[in-house]
Amino acid sequence: MPSVLITGASRGLGLEFAKQYTGLGYRVFATARDPSKATDLGKLAKAHSSLTVHALDVDDEAGVRALVSALKGEPIDILLNNAGTMGPERQSFGRIDYAGMVQTFVSNTVAPLRIAEALVDNVANSQRKLMVAVTSGMGSIGDSSGGSYAYRASKAALNMSYHNLALDLRSRGITAIVINPGWVKTDMGGPGATLKPADSIASMLKVFDAVTLADSGKFMNYTGGTLEW
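What you see as residue numbers is a count from 1 along each chain, following the sequence as written. Only residues with pLDDT of at least 70 are given local features in this predicted model, and only at 80 or more are side-chain atom pairs given and counted; all residues enter the totals for whole chains, interfaces and linings. Side-chain measures here rest on the full set of heavy atoms in the structure, leaving out hydrogens and waters.

(A) Representation of the environment of Pro2 in the model. With respect to the helices and strands, the residue Pro2 is situated in the segment before strand E1 (3-6). In sequence terms Pro2 and Leu113 are 111 residues apart; their C-alpha atoms lie 23 Å from each other. Contacts are assigned to residue pairs with any non-hydrogen atoms lying within 4.5 Å of each other. Here Pro2 is in contact with Gly25, Tyr26, Arg27 and Asp77, once residues within four sequence places are set aside. Runs of H or I in DSSP of at least four residues are treated as helices and runs of E of at least two as strands, each being numbered from the N terminus.

What follows is the structure in structure tokens.
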């Protein structure tokens, strides 16, 4: 049975990832900051013994170590760093919340890299050997409309981190990509977004199935193409 570990699985994209991978027969390790409040994820776990819920605040280094210990070397075919934050309300020039910006980098850039480093052996011991980080088209430097300093910069930094990661892990046969899910109707994307979570996730799963080591390091779009760095 193939396996996937999904961070930030309590709602939005993460929850939909968990639903679809469970439906495909995967062993799903789903993480949530507070499992007691992840009602929908808890219901999914009760209905499917192949899904287990694990407490994880991705910003907490000790929590990451505890998760690694709990997994006991379990192979992870797909490590899916989905958890992230939009950041502080004040991100426009002239009214930037710098403390909030730093915290945004911790959540969106540092945490996915830390988790990848902590679980690299689990991924290397799997069949699929795939690491994915959910980024954003707003992290593209070549296609930026300005504003949203904290979010854009943290996602651009995430893209660079995973590009480097891809180079470092190629010798171990690990493919690492970042992917833009599109503008999705979630709490973060808002009601004006153009994509339903189910459609975005279904498209991304097709991308994950198709990528090979030759694609490692790419900035992918949910449609299957690549985006400007």
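(B) Structural detail: the packing of aromatic side chains. Centres within 6.5 Å make a pair out of two Phe, Tyr or Trp rings, where for Trp the six-membered ring is used; the pair is then stacked when the planes are under 30 degrees apart, edge-to-face when over 60, and tilted otherwise. Overall, the coordinates contain four aromatic pairs when judged by the stated rule. An angle of 40° between the planes, with centres 6.3 Å apart, marks the rings of Phe93 and Tyr149 as tilted. Taken together, the residues span a long stretch of sequence, with Phe93 in the loop between strand E4 (78-81) and helix H4 (98-118) and Tyr149 in helix H6 (residues 149-169) at a distance of 56 residues. To sort residues, take the accessible area from a 1.4 Å probe on protein chains only and compare it with the maximum for the residue type: under 20% means buried, over 50% means exposed, and anything in between is partly exposed. Looking at Phe93, the relative accessible area reads 69%, which means it is exposed.

(C) A look at helix H1 (residues 12-23). To estimate how far a helix should extend, the number of its residues minus one is multiplied by 1.5 Å. Between its terminal C-alpha atoms H1 stretches 17 Å, which fits the 16 Å expected from twelve residues at 1.5 Å a residue. Within H1, nine of the twelve residues are buried, which leaves the element mostly enclosed by the surrounding structure. For H1, the complete set of buried residues consists of Leu13, Gly14, Leu15, Glu16, Phe17, Ala18, Gln20, Tyr21 and Thr22. Looking one or two places after H1, you find Gly25, whose phi comes out positive at around 85°.

(D) Broad picture of the environment of Ser200. For Ser200, the location among the structural elements is in helix H7 (residues 197-210). Note on Ser200: relative accessible area 0%, which makes it buried. Ignoring any residue separated from it by four or fewer positions in sequence, one finds Ser200 in contact with Leu13, Pro181, Val184 and Leu195.

(E) Representation of the sheet that holds E1. Pairing within the open sheet is parallel, and its seven strands lie in the order E3-E2-E1-E4-E5-E6-E7. Each edge of the open sheet is held by one strand with a lone partner, namely strand E3 (51-55) and strand E7 (219-221). The average angle at which neighbouring strand axes cross in this sheet is 20°, direction not considered. With four bridges joining them, E4 and strand E5 (residues 130-134) adopt parallel strand pairing. What sits directly across from Leu79, in E5, is Met131. Only strands that DSSP links by at least two bridges are regarded as paired with each other. Here an angle of 0 to 180 degrees is reported between the N-to-C directions of two axes, which are lines fitted to C-alpha atoms, with helices fitted over the stretch in contact.

(F) Highlighting the pattern of salt bridges. Take a side-chain nitrogen of Lys or Arg and a carboxyl oxygen of Asp or Glu: if they are within 4 Å of each other, that pair is a salt bridge. Going through the model one piece at a time under the given rule, you end up with three salt bridges. Residues Lys218 and Asp215 are paired through a salt bridge, measuring 2.9 Å at the closest nitrogen-oxygen approach. Under the relative-accessibility criterion, Lys218 is labelled partly exposed at 32%.

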